[in-house]
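Listed here are the chains, written in short residue letters.
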Amino acid sequence: MNKKNVSSNIVAQNRKASFNYFFEDTLEAGIELLGSEVKSLRAGKGSIADAYALDSEGEIYLHNTYIPEYKQSSYNNHDPRRLRKLLLNKKEINKIIGKINRDGFTVIPTKIYFNSKGIAKVNIAIAKGKKLHDKRQTKKQRDWNREKSRVFRKSS
(Lines give C-alpha, C1' and ligand atoms only; values in the text may rest on other atoms or scores of the structure.)
Protein backbone atom coordinates (compact mmCIF):
# COMPACT_ATOMS: atom_id res chain seq x y z
CA MET A 1 0.00 0.00 0.00
CA ASN A 2 1.34 3.39 -0.95
CA LYS A 3 1.96 5.51 2.17
CA LYS A 4 1.34 8.77 0.29
CA ASN A 5 -2.00 7.49 -0.99
CA VAL A 6 -3.22 6.59 2.53
CA SER A 7 -2.28 9.93 4.05
CA SER A 8 -4.17 11.88 1.39
CA ASN A 9 -7.36 9.88 2.03
CA ILE A 10 -7.48 10.40 5.80
CA VAL A 11 -10.92 11.66 6.78
CA ALA A 12 -10.66 11.90 10.58
CA GLN A 13 -7.70 11.60 12.91
CA ASN A 14 -7.49 11.37 16.69
CA ARG A 15 -4.41 13.47 17.37
CA LYS A 16 -4.76 13.46 21.16
CA ALA A 17 -4.70 9.67 21.36
CA SER A 18 -0.90 9.32 21.31
CA PHE A 19 -0.63 11.95 24.04
CA ASN A 20 -3.21 10.34 26.33
CA TYR A 21 -2.42 6.65 25.76
CA PHE A 22 0.42 4.17 25.37
CA PHE A 23 -0.27 2.10 22.24
CA GLU A 24 0.45 -1.59 22.56
CA ASP A 25 -0.93 -2.80 19.24
CA THR A 26 -2.63 -1.29 16.20
CA LEU A 27 -5.07 -2.97 13.84
CA GLU A 28 -6.84 -2.05 10.63
CA ALA A 29 -10.57 -2.75 10.69
CA GLY A 30 -13.45 -2.28 8.33
CA ILE A 31 -16.43 -0.28 9.52
CA GLU A 32 -20.10 -0.97 8.83
CA LEU A 33 -21.54 2.26 7.37
CA LEU A 34 -24.76 3.38 5.74
CA GLY A 35 -24.73 5.05 2.33
CA SER A 36 -25.30 8.54 3.68
CA GLU A 37 -22.43 8.03 6.17
CA VAL A 38 -20.04 7.06 3.38
CA LYS A 39 -21.02 10.16 1.40
CA SER A 40 -20.54 12.35 4.45
CA LEU A 41 -17.07 10.84 5.06
CA ARG A 42 -16.12 11.31 1.40
CA ALA A 43 -17.01 14.98 1.85
CA GLY A 44 -14.34 15.09 4.59
CA LYS A 45 -16.68 15.39 7.54
CA GLY A 46 -16.48 13.29 10.69
CA SER A 47 -14.81 13.22 14.08
CA ILE A 48 -13.33 10.50 16.28
CA ALA A 49 -11.90 12.78 18.97
CA ASP A 50 -13.91 11.23 21.83
CA ALA A 51 -14.50 7.81 20.29
CA TYR A 52 -13.77 4.43 21.83
CA ALA A 53 -14.69 0.81 21.13
CA LEU A 54 -16.42 -1.70 23.40
CA ASP A 55 -17.44 -5.33 23.04
CA SER A 56 -21.06 -6.40 23.00
CA GLU A 57 -22.20 -9.99 22.41
CA GLY A 58 -18.95 -11.06 20.77
CA GLU A 59 -18.72 -8.03 18.46
CA ILE A 60 -16.77 -4.77 18.71
CA TYR A 61 -18.73 -1.52 18.32
CA LEU A 62 -17.44 2.02 17.89
CA HIS A 63 -19.04 4.43 20.35
CA ASN A 64 -19.23 8.23 20.23
CA THR A 65 -18.07 8.57 16.63
CA TYR A 66 -19.57 11.62 15.01
CA ILE A 67 -20.43 11.47 11.30
CA PRO A 68 -22.79 14.36 10.46
CA GLU A 69 -25.88 13.93 8.35
CA TYR A 70 -25.43 14.19 4.61
CA LYS A 71 -27.34 17.27 3.44
CA GLN A 72 -28.43 15.90 0.04
CA SER A 73 -29.91 12.73 1.59
CA SER A 74 -33.41 13.66 2.70
CA TYR A 75 -35.29 10.74 4.24
CA ASN A 76 -32.39 8.27 4.14
CA ASN A 77 -30.26 10.08 6.71
CA HIS A 78 -28.64 8.41 9.69
CA ASP A 79 -28.20 9.19 13.38
CA PRO A 80 -24.84 11.04 13.65
CA ARG A 81 -23.75 9.27 16.85
CA ARG A 82 -25.09 5.74 16.28
CA LEU A 83 -23.08 2.64 17.18
CA ARG A 84 -21.00 1.35 14.29
CA LYS A 85 -19.82 -2.24 14.08
CA LEU A 86 -16.15 -2.90 13.39
CA LEU A 87 -15.48 -5.65 10.87
CA LEU A 88 -12.74 -7.89 12.24
CA ASN A 89 -11.82 -11.56 12.14
CA LYS A 90 -13.02 -13.72 15.05
CA LYS A 91 -9.41 -14.23 16.15
CA GLU A 92 -8.81 -10.45 16.29
CA ILE A 93 -12.09 -9.89 18.14
CA ASN A 94 -11.18 -12.51 20.77
CA LYS A 95 -7.72 -10.97 21.19
CA ILE A 96 -9.21 -7.49 21.71
CA ILE A 97 -11.91 -8.71 24.12
CA GLY A 98 -9.28 -10.59 26.15
CA LYS A 99 -7.09 -7.49 26.44
CA ILE A 100 -10.03 -5.27 27.41
CA ASN A 101 -11.40 -7.62 30.07
CA ARG A 102 -8.22 -9.00 31.59
CA ASP A 103 -5.46 -6.45 31.20
CA GLY A 104 -7.40 -3.19 31.53
CA PHE A 105 -6.66 -1.93 28.04
CA THR A 106 -8.99 0.23 25.98
CA VAL A 107 -9.59 0.37 22.24
CA ILE A 108 -9.19 3.78 20.61
CA PRO A 109 -9.68 4.63 16.92
CA THR A 110 -6.69 6.64 15.67
CA LYS A 111 -7.86 7.47 12.14
CA ILE A 112 -10.57 6.84 9.56
CA TYR A 113 -9.49 6.73 5.94
CA PHE A 114 -10.34 5.29 2.54
CA ASN A 115 -7.91 2.63 1.30
CA SER A 116 -6.68 2.29 -2.29
CA LYS A 117 -9.86 0.38 -3.25
CA GLY A 118 -12.06 3.15 -1.88
CA ILE A 119 -13.24 1.21 1.19
CA ALA A 120 -13.60 3.01 4.52
CA LYS A 121 -11.18 1.65 7.12
CA VAL A 122 -10.45 2.48 10.76
CA ASN A 123 -7.07 2.20 12.42
CA ILE A 124 -7.66 1.13 16.01
CA ALA A 125 -5.13 0.96 18.80
CA ILE A 126 -5.19 -1.26 21.85
CA ALA A 127 -3.95 1.21 24.44
CA LYS A 128 -3.41 1.85 28.12
CA GLY A 129 -4.04 5.28 29.62
CA LYS A 130 -1.13 7.48 30.61
CA LYS A 131 -0.79 8.94 34.09
CA LEU A 132 -0.21 12.66 34.59
CA HIS A 133 3.57 12.28 35.06
CA ASP A 134 3.80 10.29 31.81
CA LYS A 135 2.04 13.10 29.95
CA ARG A 136 4.45 15.63 31.45
CA GLN A 137 7.39 13.51 30.32
CA THR A 138 5.96 13.30 26.78
CA LYS A 139 5.53 17.07 26.67
CA LYS A 140 9.08 17.62 27.94
CA GLN A 141 10.49 15.25 25.32
CA ARG A 142 8.52 16.96 22.54
CA ASP A 143 9.69 20.42 23.64
CA TRP A 144 13.29 19.23 23.86
CA ASN A 145 13.17 17.72 20.34
CA ARG A 146 11.69 20.96 18.98
CA GLU A 147 14.41 23.07 20.67
CA LYS A 148 17.15 20.68 19.49
CA SER A 149 15.98 20.96 15.87
CA ARG A 150 15.99 24.77 16.14
CA VAL A 151 19.57 24.79 17.41
CA PHE A 152 20.77 22.47 14.64
CA ARG A 153 19.02 24.54 11.97
CA LYS A 154 20.72 27.73 13.20
CA SER A 155 24.17 26.11 13.30
CA SER A 156 23.91 24.65 9.76
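The rules we used
Residues numbered from 1 in each chain as written. Predicted model: local features only at pLDDT ≥ 70, side-chain atom pairs only at ≥ 80, totals over all residues. Heavy atoms only, no water. Helix = DSSP H or I, 4+ residues; strand = E, 2+ residues; numbered from the N terminus. Areas by Shrake-Rupley, 256 points an atom, 1.4 Å probe, with all protein chains shown as cover. Lys, Arg positive; Asp, Glu negative; His and termini not counted. Charge placed at Lys NZ, Arg CZ, Asp CG, Glu CD. Buried < 20%, exposed > 50% of the residue type's maximum accessible area, 1.4 Å probe, protein only. Pairing = 2+ DSSP bridges. Salt bridge = Lys/Arg side-chain N within 4 Å of Asp/Glu carboxyl O. Core = buried A, V, L, I, M, F, W, Y, C linked by side-chain atoms within 4.5 Å. Contact = heavy atoms within 4.5 Å. pLDDT = per-residue confidence, 0-100.

## Here we look at the overall build of the chain
For step 1, the next point in the chain: Along the backbone of the chain there are five helices and seven strands.
For step 2, the next point in the chain: Expressed as lengths along the three principal axes of its C-alpha atoms, the size of the chain is roughly 60 × 40 × 30 Å.
For step 3, the next point in the chain: Surface accessibility of the chain: about 10100 Å² in total, with carbon and sulfur atoms responsible for 48%.
For step 4, the next point in the chain: If you average the places of the 33 positive and of the 16 negative side-chain charges in the chain, the two averages end up 9 Å apart.

## Some words on the pairing of strand β5 (residues 84–87)
For step 1, the next point in the chain: Along β5, the buried face is formed by Arg-84 and Leu-86; none of Lys-85 and Leu-87, which line the opposite face, is buried.
For step 2, the next point in the chain: Where strand β2 (residues 21–31) and β5 come together, two bridges link them in antiparallel fashion. When the bridges of β5 are listed, Ile-31 appears paired with Leu-86.
For step 3, the next point in the chain: Sheet analysis places strand β4 (residues 59–63) next to β5, joined by two bridges and oriented antiparallel. Considered in β5, the bridge of Tyr-61 is made with Lys-85.

## A word on the pattern of salt bridges
For step 1, the next point in the chain: Counted by the stated rule, this structure contains eight salt bridges.
For step 2, the next point in the chain: Shared partners join several salt bridges into a network, and the residues in it are Glu-37, Arg-82 and Arg-84.

## Notes on the nonpolar core
For step 1, the next point in the chain: Of all hydrophobic cores here, the largest spans 27 residues; its most connected members are Ile-31, Leu-41, Ile-60, Leu-86, Leu-88, Ile-96 and Ile-124.
For step 2, the next point in the chain: The residues contacting Leu-41, other than those within four sequence positions of it, are Val-11, Leu-33, Ile-67, Ile-112 and Phe-114.

## Quick word on unusual backbone geometry
For step 1, the next point in the chain: In this model, Glu-57 sits at a positive phi of 55°, which is unusual for a non-glycine residue.
For step 2, the next point in the chain: Inspection of the secondary structure puts Glu-57 in the loop between β3 (52–56) and β4.
For step 3, the next point in the chain: Take Glu-57: its relative accessible area is 81%, and that puts it in the exposed class.

## With respect to the confidence of the model for the chain
For step 1, the next point in the chain: Averaged over all residues, the pLDDT of the chain is 84; the fraction at 70 or higher stands at 94%.
For step 2, the next point in the chain: Within the chain, the lowest mean pLDDT, 52, falls on helix α1 (residues 3–8), and the highest, 91, falls on strand β6 (residues 106–114).

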